[in-house]
Each structure stands twice: as C-alpha cells, then as structure tokens.
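As a plain string of letters, each chain reads:
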Amino acid sequence: MKTIEINPIIDNARFTRFHWMVVALCALLLIFDGYDLFIYGVVLPVLMTEWGLTPVQAGALGSYALFGMMFGAFIFGPLADRIGRKKGIAICFVMFSLATFLNGFATTPTEFGIYRFIAGLGCGGLMPNAVALMNEYAPKRARSTLVALMFSGYSLGGMLSAGLGIYMLPRFGWQAMFFAAAVPMLLLPLIMWKLPESVGFLVRQGKDKQARDMLARVSPDVKIDADARLVAVDAKGAGVPMLDLVKDGRAVGTFMIWLAFFCCLLMVYALGSWLPKLMAGAGYSLGSSLSFLLALNFGGMAGAIAGGWLGDRFSLPKVVLAFFAVGTVAIALLGFNSPMPLLYLLITIAGATTIGTQILLYANTAQFYPLAMRSTGLGWASGVGRTGAIVGPLLGGSLLAAKLPLNMNFLAFALPGLVAALAMGGFILWYRRDAGLAQASVADTVKMQTVQAGLSR
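Residues numbered from 1 in each chain as written. Predicted model: local features only at pLDDT ≥ 70, side-chain atom pairs only at ≥ 80, totals over all residues. Heavy atoms only, no water.

Trainee: For this particular structure, what's the right way to read the nonpolar core?
Mentor: A general tendency of soluble globular proteins is for nonpolar side chains to be buried together. Counting 136 residues, the largest nonpolar core has Phe112, Leu126, Tyr154, Tyr269, Phe324, Ile347 and Phe410 as its most contacted members. When residues of this core are assigned to their parent elements, the largest contribution, 21 residues, is made by helix α2 (residues 17-51). In this structure, Phe112 is in contact with Tyr40, Leu47, Trp51, Leu61, Asn103, Ala106, Trp174 and Phe178, ignoring residues within four places of it in sequence. (Core = buried A, V, L, I, M, F, W, Y, C linked by side-chain atoms within 4.5 Å. Buried < 20%, exposed > 50% of the residue type's maximum accessible area, 1.4 Å probe, protein only. Helix = DSSP H or I, 4+ residues; strand = E, 2+ residues; numbered from the N terminus. Contact = heavy atoms within 4.5 Å.)

Below is the structure:
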C-alpha cells in the first residue's frame, strides 16, 4: 500500500479559495473574541461611576475574564487535540457569546465577574485553536502572513468595541454593549458548515476518506489514490502531556516563549483595560479616550499584518524582538505631554507592537511545536501568558490608586516589553547555538564515517 505524508502536500499547496475561506472564518471568530475581550475597557469608566468602584476593585473585576482565559487555554488546547479543533472552537464560541450576552443583565460586580469568568473560558480556548487550525492549513511560504492576517480579526473586534462604545454608551448605556454579543450566535450554523476540521486530527482518527477529501480542497493539483494510506510524520496520537513540550531540546524555547507571552499579554491588557480611564483622568473627554482605544487596536491590526509579512521574509523571532524593543519606547513616551497627532501615532505604534506582537508570538509558537502537540503547545503558552493578562489590569488599578504621575504609569507598562525583548533574544541565541551544534554533530558523523570507510579499504 502506498503511503503519503500529508504535511508536504499542505506546505507546498498553491493559494486557493479554500485558504481564503479558512482565513475569513477564523478572522470572523476572532473579531467576536476581540470584541468580547476589549469591551471591559470600553465600559470601565461608566462602571466605576455607576457602581462606585475603586481602581483596585475595577482592576480585580477586569481580571476575572482573564482568569477564565488562562483556564480556558489550558483546558481547550489539549481537549481539541482529542475531540478535534472544529468541535473545540464551536464550544468556545458558544460559551463566550452566551456569557457576554448575560453580562448585560448583571446588577452587582460579583454577578458581572462570574459571567466575565465564563466568557473568558471560551475566549481563552478559542484563540489557540483558531491559530493552530490556520497554521495547519496555510502554505509554508505564506504561513506567518496568513496567521497574522487571520489574527487581525482580534484587533478589528477591539476597534468594533471601541467604535460602538463611542456611539452606544451615551445613548443606550453599558448594558447594550453586552447585549450586542448575541448577534454573532446567528452565524453559528455557517461556522459549523464551512469551518474545516484539522486534517491531522482526521488522520489520527483513521478517517482517511475525509482526510483525502480535505487534502483535495487544500491542493486540487495533487492526486491521491483511493487506496493510499495517509500519515502525519509528527503525529503521536491524540493528546500530548505538558511535559512533552520541554522534551527533545524544547525546554529553553518553551520557557522563553512563556516569558514573552507573559510580558506581552500584561502590556496588552494593561493598556486595553486602563488606557481610556488614564486618558480621561489626564483631561481628555470619554469620546476622545475611547478613540485612543480605537487607535490602539488599529495599530494592532496593522502591526500583525506587517509583522507577518516581515516574518515570512526574515526570521520571525527577530521580527518579534524588534517589535518588543520599539513597543517599549513607544509606551514609555505615552506618559509625556505630546501634541495630539504625535499622541495618536505613539498609541498606534504601541498597539502594533503589543497586540500585533501577541499575534506574531502565536505564529512563532505554532511553528515551533510539531503538529501533534501544536494545540497543546499553543494552549499552554497562551495559558501561562494569561497570568500576565491577569496582572495587567491589577497593575493598572494599583498604579491608579497610588496616584502616580501619568508618565510613571506608562513607564511601568513599558518595562515588561524590555523583559520580553530579552527573552526573545535568548530564544534566538539558544537555537542558533543548537543549530550550530547540530551541524557540527552531522559534520563529525560524516567525518567519522569517511575515516571508517578508509580504514575498511
């Protein structure tokens, strides 16, 4: 029986309508995900006034969803390796949409926090699975670009949240922002119909006919015989223990990725939760403060697309390192009195190098782990990173309660960017060293074989 390995077929496929469909559907899912995540920063100034929340209480309330995201990433990443990414994504989508809708009925901070935690479970589970699915189906030559393009939906969701907030908050109140989250549920049948299942999962489940049909859509030019047996070289079976992520020389890379995720998500959610409130406290109107959040997410979308394009042409880890370095400087400068055009530019750059870099980190992580443990690797990286996301709103609340000068707040938000840049530098140096050792080992082996061949003669 002829054996065909599936990964080269996907890697070398030409770009087709099927790829556009996967990009569009995953981006659509992340638009809703981003809306649900950034909505808290939009309604926070109103909630603090209506419920009389202190900055520390508001920071803790903002962290409930992020606690949920941490557990969601840990749970739904490995679970999707067992039940399939399509089912995992659908469960997460229904969970966060329904919980966010119910948030509109909350009458106390405790009730609000419980619904936000449940929504966070779904949001945290959807993200790594959508990235893994897109990374699996994207042709190798455009993989970083397509993952970044898909993930720009996350920033579009943040822009949608801020844009609707500017219009809806003064007219309909904060509850209407959450009721709007029910609208995406109407698209669930379309998502279940069109979203493809992971071909690697189909192969592991022995569903060769379905896998062949899927490969025919991915690469119509490749003819696969009906009696051919499909295999995935790095498929180890459903479900991968967490310890496998640090085996086979992956320990340093895994640790550096986790550290970069922690710092990056701390910056993303510190800015996403507190930027409007900080700017309102600095004298800007609520509408202007929300427009800064709009600029932040526009920068995130632009940064993700530009970073993905650069990542496909240069080294993706080096692009991530450069983005972190630029982001550190841009965020630090936000606290100083700047003309309005320069302020918007700095916020856009900050969004490009935090939200955009988060997206590039997902792409880099997906490429670092083998297919069989990709969801698990992404889930754990995202889950560990969520501890940084939890710290972000808490840090912002503590800084606001301390009544520090505005520039000190932003300097504190910028410091994790420096740590993340150092982590990515360590990642690059370690794996350059490993690659050099591997090449030396191969050269030594060849030399030894040559000597042995000479002696045998």
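Trainee: Even after reading the chapter, I still don't get empty space enclosed by the protein, so can you show me in this structure?
Mentor: Over the atoms, a rolled probe matching the size of one water molecule traces out where space is still vacant. The tally for this structure, following the rule as stated, stands at one cavity of 30 Å³ or more. Of the volumes computed, that of the largest cavity is approximately 80 Å³. The wall of the largest cavity is formed by Leu37, Phe38, Tyr40, Gly41, Gly62, Ala65, Leu66, Arg116, Tyr269, Gly272 and Ser273. At four residues, α2 tops the list of elements feeding residues into the lining of the largest cavity. Taken together, the residues of the lining of the largest cavity sort by class into six nonpolar, four polar and one charged. (1 Å grid on protein atoms, 1.4 Å probe; cavity = no way out; pocket = protein on both sides within 12 Å on 5 of 7 lines; lining within 4 Å. Points joined across faces, edges and corners; volume = space filled by probe spheres on them. Nonpolar A, V, L, I, M, F, W, Y, C, P; charged D, E, K, R; others polar.)

Trainee: How should helix α3 (residues 55-83) be read in this particular structure?
Mentor: Each α-helix turn comprises 3.6 residues. Residues three or four places apart therefore point the same way. Taking 1.5 Å of rise per residue, the 29 residues of α3 would be expected to cover 42 Å, and the 41 Å separating its terminal C-alpha atoms lies within 8% of that figure. In the structure, α3 departs most strongly from a straight axis at Tyr64, where the bend amounts to approximately 30°. Following α3 by one or two positions, Gly84 adopts a phi angle in the positive range, close to 105°. (Expected span 1.5 Å × (residues − 1). Bend = angle between axes of the 7 residues up to and from the residue.)

Trainee: How should the pattern of salt bridges be read in this particular structure?
Mentor: One side chain can pair with another of opposite charge once the charged atoms of both are near each other. Within this structure, the stated rule accounts for two salt bridges. Between Arg85 and Glu136 there is a salt bridge; the shortest N-O distance is 2.6 Å. Taken together, the positions of Arg85 in helix α4 (residues 85-103) and Glu136 in helix α5 (residues 109-137) put the pair 51 residues apart, joining distant regions of the chain. Grouping residues by exposure puts Arg85 and Glu136 together as buried. Salt-bridge contacts for Lys209 lead to Asp213; the nearest nitrogen and oxygen are separated by 3.3 Å. One end of the pair is Lys209 and the other is Asp213, both in helix α10 (residues 208-218) and four residues apart, which spans about a single turn. Asp213 sits in the partly exposed class, given a relative accessible area of 41%. (Salt bridge = Lys/Arg side-chain N within 4 Å of Asp/Glu carboxyl O.)

Trainee: For this particular structure, what's the right way to read the layout of surface pockets?
Mentor: Volume-wise, the second largest pocket comes out at about 170 Å³. Lining the second largest pocket are Phe32, Tyr35, Asp36, Ser97, Leu160, Leu164, Ala180, Ala181, Val183, Pro184 and Leu187. Contributing elements (two or more residues each) for the lining of the second largest pocket: α2 and α6 (143-172). For the lining of the second largest pocket, the element with the highest residue contribution is α2, accounting for three residues. Of the residues assigned to the lining of the second largest pocket, the class counts are nine nonpolar, one polar and one charged.

Trainee: Teacher, can you tell me more about the packing of aromatic side chains here?
Mentor: Aromatic rings considered in pairs are described by the distance between their centres and by the relative angle of their planes. Applying the stated criterion across every chain yields a total of 22 aromatic pairs. Plain terms: the ring middles of Phe112 and Phe178 are 5.6 Å apart, the flat faces sit at 90° to each other, and that makes the pair edge-to-face. Of this pair, Phe112 sits in helix α5 while Phe178 sits in helix α7 (residues 174-179), placing them 66 residues apart in sequence. Take Phe112: its relative accessible area is 0%, and that puts it in the buried class. Both rings, one in Phe410 and one in Phe413, keep their centres 6.1 Å apart while their planes meet at 85°; by these two values the pair is edge-to-face. Of this pair, Phe410 and Phe413 are both found in helix α16 (residues 406-456), three residues apart, which corresponds to roughly one turn of the helix. Accessibility classification places Phe410 together with Phe413 in one group, the buried group. In textbook terms, an aromatic cluster arises when at least three aromatic residues are bridged by ring pairs, as seen for Tyr40, Trp51, Phe112, Trp174 and Phe178. Between Lys194 and the ring centre of Trp193, over which it is positioned, the NZ or CZ distance is 4.2 Å. (Phe/Tyr/Trp six-rings, centres within 6.5 Å; stacked < 30°, edge-to-face > 60°. Lys NZ or Arg CZ within 6 Å of the ring centre and 35° of its normal.)

Trainee: Help me understand a nonpolar patch on the surface in this model?
Mentor: A surface patch of nonpolar side chains, amounting to about 580 Å² of accessible area, comprises Tyr64, Phe67, Phe71, Ile75, Ile114, Phe117 and Ile118. For the nonpolar patch, the elements supplying multiple residues, two or more each, are α3 and α5. For the nonpolar patch, the element with the most residues is α3, which contributes four residues. Position of Phe117 relative to the elements: it lies in helix α5. Judged by its relative accessible area of 31%, Phe117 falls in the partly exposed class. (Patch = residues over 30% accessible without salt bridge, like charges linked within 9 Å, V, L, I, M, F, W, Y side chains within 5 Å. Areas by Shrake-Rupley, 256 points an atom, 1.4 Å probe, with all protein chains shown as cover.)

Functional significance is not addressed by these values, which are geometric in nature.
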